[in-house]
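Each chain is listed here by its residues.
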Amino acid sequence: MEGGRGSSRWRFASPNTTVAAAGERSVLRYLLDLHSFLDERGPRPVIPLSVGDPSSSPSFRTAPEAVEAVAAALRSGEFDGYSSRDTGLAARRAVAEYLSCDLSYKLSPEDVLLTSGCTQAIEIVMSVLGQPGVNILLPKPGYPKHEAHAVFHKMEVRHYDLVPERGWEVDLEAVEALADENTVAIVITNPNNPCGSVYTYEHLSKIAGTANKLGMLVIADEVYGHLVYGNTPFVPMGVLGETVPILTLGAISKRWAVPGWRFGWITICDPKCILKETKVFHSLRSFKMLTTEPATFVQVKLDISQLSDISDDIDFCRKLAKEESVMLLPGTALGMENWLRITFASDPPKLKQGLGRMKSFCQRHQSQFN
């Protein structure tokens, strides 16, 4: 056989199909699909209400204080080289002091691991916990990168439901039914992406109690911390560190509207030092952290019975893109069929116009029997 012909002789001919399957369910796949239905040269400009990048909107420019702080750091010339223990220590101390403001105990710089954004924080945590035979509990609907990194690191993913009728709270009975002796962690996202919900202290306490009962770690993705709708205050999961060990993931990207500024962290909220005893702390510290995706979404239920010629959420989004040049993300991309994700990270006039087009679309497709 000539070199290059036939795949059977190549050792890499059988890639991890579970990773490919996770990619098939990715948000990007659905967005690329919807773009094919757009008429970008049509008479009306496209209004994207599917991807939450606040930096693309003039209404969400970052604060001048943040820009000046970064500019001053650049002008100083003190941060042009490779990161050192000294520069890293200053940043870790700042993060620890900031997060400690909401806690009854003090975090130290040693409790903070710096990452290149929250995405790398997710990847590192999953790589430390991941091994064949273990499983992890993820919310549905949820952020696709949690699942993608868990699968990549050979963990079995088990989905628990968020209950829309209860403000997207965690279905704790389902959590207990899903967990077994091989469950290493539960992931919660608060404030929630994609639902925009904010958990009360009481609900977080129940989550912590359940995790403690089942002997599993809580991974709290709080990248949207302090960006909330309504009057429910944001409560960091770390306040319950005495109940259960917690890894808090965060970044500056959302609150400061700078997703391109790749600076995030993993915070070890574990005053009882359980993670040190189990070597998880040491494994996290072994990584070289600083290397050289209000929660701006709401989740809306789609009632197909009210529409005459719409089969599901994907069909809805495709036809909306084609007819109205408005982009939404189908809930199927997040594990929730017949839901829609809408971002509010847009200029108010553009958002109002986009919602108006959606209303016209729904009226036009309304079933004649309703």
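Conventions used here
- Residues numbered from 1 in each chain as written.
- Predicted model: local features only at pLDDT ≥ 70, side-chain atom pairs only at ≥ 80, totals over all residues.
- Heavy atoms only, no water.
- UniProt positions renumbered as here; feature names shortened; annotations may be inferred.
- Helix = DSSP H or I, 4+ residues; strand = E, 2+ residues; numbered from the N terminus.
- Buried < 20%, exposed > 50% of the residue type's maximum accessible area, 1.4 Å probe, protein only.
- Salt bridge = Lys/Arg side-chain N within 4 Å of Asp/Glu carboxyl O.
- Expected span 1.5 Å × (residues − 1).
- Arc of directions from axis to C-beta.
- Contact = heavy atoms within 4.5 Å.

- The protein chain is annotated in an unreviewed UniProt entry as Aminotransferase class I/classII large domain-containing protein from Urochloa decumbens.
- If you open the UniProt record of the protein chain and go to Sequence similarities (unreviewed entry), you find "Belongs to the class-I pyridoxal-phosphate-dependent aminotransferase family."
- For the protein chain, the Cofactor (unreviewed entry) comment in UniProt is given as "pyridoxal 5'-phosphate".

### Points about the UniProt feature "modified residue: N6-(pyridoxal phosphate)lysine" (unreviewed entry) in the protein chain
(1) Moving on: In the numbering used here, UniProt assigns the "modified residue: N6-(pyridoxal phosphate)lysine" (unreviewed entry) feature to Lys 254.
(2) Moving on: Mapping Lys 254 onto the fold places it in the loop between β8 (246-251) and β9 (264-269).
(3) Moving on: For Lys 254, a relative accessible area of 11% corresponds to the buried category.

### Description of helix α6 (residues 144-152)
(1) Moving on: When we look at burial in α6, the residues that qualify are Pro 144, His 146, Glu 147, His 149, Ala 150 and Val 151.
(2) Moving on: One or two steps after α6, the chain reaches Lys 154, where phi turns positive at roughly 70 degrees.

### As for the pattern of salt bridges
(1) Moving on: Evaluated as defined, the whole model comprises eleven salt bridges.
(2) Moving on: In this structure, the salt-bridge partner of Arg 44 is Glu 324, at a minimum N-O distance of 2.9 Å.
(3) Moving on: Here Arg 44 falls in the partly exposed class, since its relative accessible area comes to 33%.
(4) Moving on: One connected set of salt bridges, linked through shared partners, spans Arg 44, Glu 323, Glu 324 and Arg 364.

### Some thoughts on helix α8 (residues 201-214)
(1) Moving on: Along its 14 residues, α8 runs 20 Å from first to last C-alpha, staying within 8% of the 20 Å computed at 1.5 Å per residue.
(2) Moving on: All of the buried residues in α8 are His 203, Leu 204, Ile 207, Ala 208, Thr 210 and Ala 211. Viewed end-on, α8 has its buried residues packed into an arc of 160 degrees, placing them on one side of the element. Structural note: α8 exposes Glu 202, Lys 206 and Lys 213 on the side pointing more than 90 degrees away from its buried face.
(3) Moving on: Along its buried surface, α8 packs onto β5 (169-170), α7 (172-178), β6 (183-189) and β7 (217-221).
(4) Moving on: One or two residues past the end of α8 sits Gly 215, with phi positive at roughly 70 degrees.

### Focus: unusual backbone geometry
(1) Moving on: Here the bond from Asn 190 into Pro 191 is cis, since omega is -10 degrees, no more than 30 degrees from zero.
(2) Moving on: Within the secondary structure layout, Pro 191 lies in the loop between β6 and α8.
(3) Moving on: Cis geometry marks the peptide bond from Asn 193 to Pro 194, where omega comes out at 25 degrees.
(4) Moving on: Along the polypeptide, Pro 194 turns up in the loop between β6 and α8.
(5) Moving on: Residues other than glycine seldom take positive phi values, yet Trp 168 does so here, at roughly 65 degrees.

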